[in-house]
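# Coordinate inspection notes
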Amino acid sequence: LRGFEMNRSNAMATCYPGKRARYIRHCDNTSKVSNGRVMTAIYYANPKWKVGDGGELRIYEPAKAINGRESRTSPLVDIQPFLDRVILFFSDERVPHEVLPANLQRYAVTLWYFNKKERELSIEKDNNFKKCMETLQNANTKKSNSISSENKEEQEDKQKKICKSQMWELD
């Protein structure tokens, strides 16, 4: 973590309502669309949590490319969300993870530590994408108000593709 300036996110407090609520497998930052996240820190606030209540954080092995395609990997560990437990892990593809179905309300507070330069570039790209979409939508609104809703969805998809291609040209 040396060699670059770091920033920290605001805390994100989450409550899974129980009832088998979960969060699917993901990485907090990917090389395809970097958001600048470097480290993820999670604090659990679950008094009286027991094994069997669900809601574990499942950490997977990093994905492997086989014949040019990403393969699913095996779980490495399931971490119980016990009260006052703090976990830290890299936010990138080294640590794919998910929250398994929770049977009780599950509380967690998450912080992300950012590479300041990557985060600033990510925000700039996001703002440029929003401006591009707004400009195209305004231009299309002026052109025609009589387009069917199906054609409007098609038009919006085209706009997103145009803006995304322009967004990546910033790299």
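The shown structure was predicted, so the numbers you read here are calculated from the model rather than taken from an experiment. (Residues numbered from 1 in each chain as written. Predicted model: local features only at pLDDT ≥ 70, side-chain atom pairs only at ≥ 80, totals over all residues. Heavy atoms only, no water.)

## Quick look at the overall build of the chain
Convention followed: The secondary structure listing takes helices from DSSP runs of H or I that are at least 4 residues long and strands from runs of E that are at least 2 residues long, numbered from the N terminus. Remark: exposure states derive from per-residue accessible area (1.4 Å probe, protein chains only) relative to the maximum for the residue type, with buried under 20%, exposed over 50%, and partly exposed in between. Any pair of residues with heavy atoms lying within 4.5 Å of one another is described as a contacting pair. We get accessible surface area from the Shrake-Rupley algorithm with a probe of 1.4 Å; when it comes to residues, only the shown protein chains can shield them.
If you tally the helices and strands in the chain, you get two helices and eleven strands. Listed by position from the N terminus, the elements making up the chain come as β-β-β-β-β-β-β-β-β-β-β-α-α. Sorting the 171 residues of the chain into buried and exposed places 32% on the buried side. Across the chain, the fraction of contacts at a sequence separation of at least 24, relative to all contacts at a separation of at least 6, is 82%. Total accessible area on the chain stands at roughly 11600 Å², and carbon and sulfur atoms take up 52% of it.

## Observations regarding the packing of aromatic side chains
We apply this condition: Pairing of aromatic side chains requires ring centres within 6.5 Å, counting the rings of Phe and Tyr and the six-membered ring of Trp. Pairs whose planes differ by under 30 degrees are stacked, by over 60 edge-to-face, and all others tilted. Criterion for a charge above a ring: Lys NZ or Arg CZ within 6 Å of the ring centre, and within 35 degrees of the ring normal.
Considering all chains together, one arrives at zero aromatic pairs under this definition. Over the ring of Tyr60 we find Arg25; its NZ or CZ atom is 3.9 Å from the centre of that ring. A cation over a ring is seen here: Arg94 above Phe90, with NZ or CZ 3.7 Å from the ring centre.

## A closer look at the sheet that holds strand S3 (residues 21-26)
Rules: At least two DSSP bridges between two strands are needed for those strands to be called paired. The axes are straight lines fitted to the C-alpha atoms, using for helices just the contacting stretch, and the angles between their N-to-C directions are given from 0 to 180°.
One open sheet holds the four strands; their spatial order is S3-S10-S5-S8, and the pairing between them is antiparallel. The sheet terminates laterally at S3 and strand S8 (75-79), the two strands that pair on one side only. Along the sheet, successive strands turn relative to each other by an average axial angle of 25°, direction set aside. The pairing of S3 with strand S10 (residues 97-102) spans three bridges and is antiparallel. Bridge pairing links Ala21 to Ala102 in S10.

## A look at the environment of Arg37
What counts, and what does not: Any N or O atom pair separated by 3.5 Å or less is treated as a polar contact, with the protein-specific requirement of one donor-capable and one acceptor-capable atom, and with residues adjacent in sequence counted only for side-chain atom pairs.
Mapped onto the elements of the fold, Arg37 is located in strand S4 (residues 37-44). The class of Arg37 is partly exposed, set by a relative accessible area of 22%. In the structure, Arg37 is positioned 76 residues away from Tyr113 in sequence and 5.8 Å away in space, judged by C-alpha atoms. Not counting the four nearest positions on each side in its chain, Arg37 is found in contact with Asp28, Asn29, Ser91, Trp112, Tyr113 and Phe114. Within the local environment of Arg37, its side chain forms a polar contact with the backbone oxygen of Asp28, the two atoms lying 3.3 Å apart.

## A short note on unusual backbone geometry
For Lys19, which is not glycine, the phi torsion reads 50° and is therefore positive. Looking at the secondary structure, you find Lys19 in the loop between strand S2 (12-16) and S3. According to the relative accessible area criterion, Lys19 is exposed, its value standing at 76%. The backbone phi angle of Asp84 is positive, close to 70°, even though this residue is not glycine. With respect to the helices and strands, the residue Asp84 is situated in the loop between S8 and strand S9 (86-90).

## Notes on the pattern of salt bridges
Operational definition: The term salt bridge refers to a pairing of a side-chain nitrogen on Lys or Arg with a carboxyl oxygen on Asp or Glu at a separation within 4 Å.
Enumeration according to the criterion identifies four salt bridges in this entry. For the salt bridge of Glu98 with Arg22, the shortest nitrogen-to-oxygen distance reads 2.5 Å. Placement of the pair is Glu98 in strand S10 and Arg22 in strand S3, with a sequence separation of 76 residues. On the basis of relative accessibility, which here comes to 6%, the residue Glu98 falls in the buried class. Between Asp53 and Lys50 there is a salt bridge whose closest N-O contact spans 3.8 Å.

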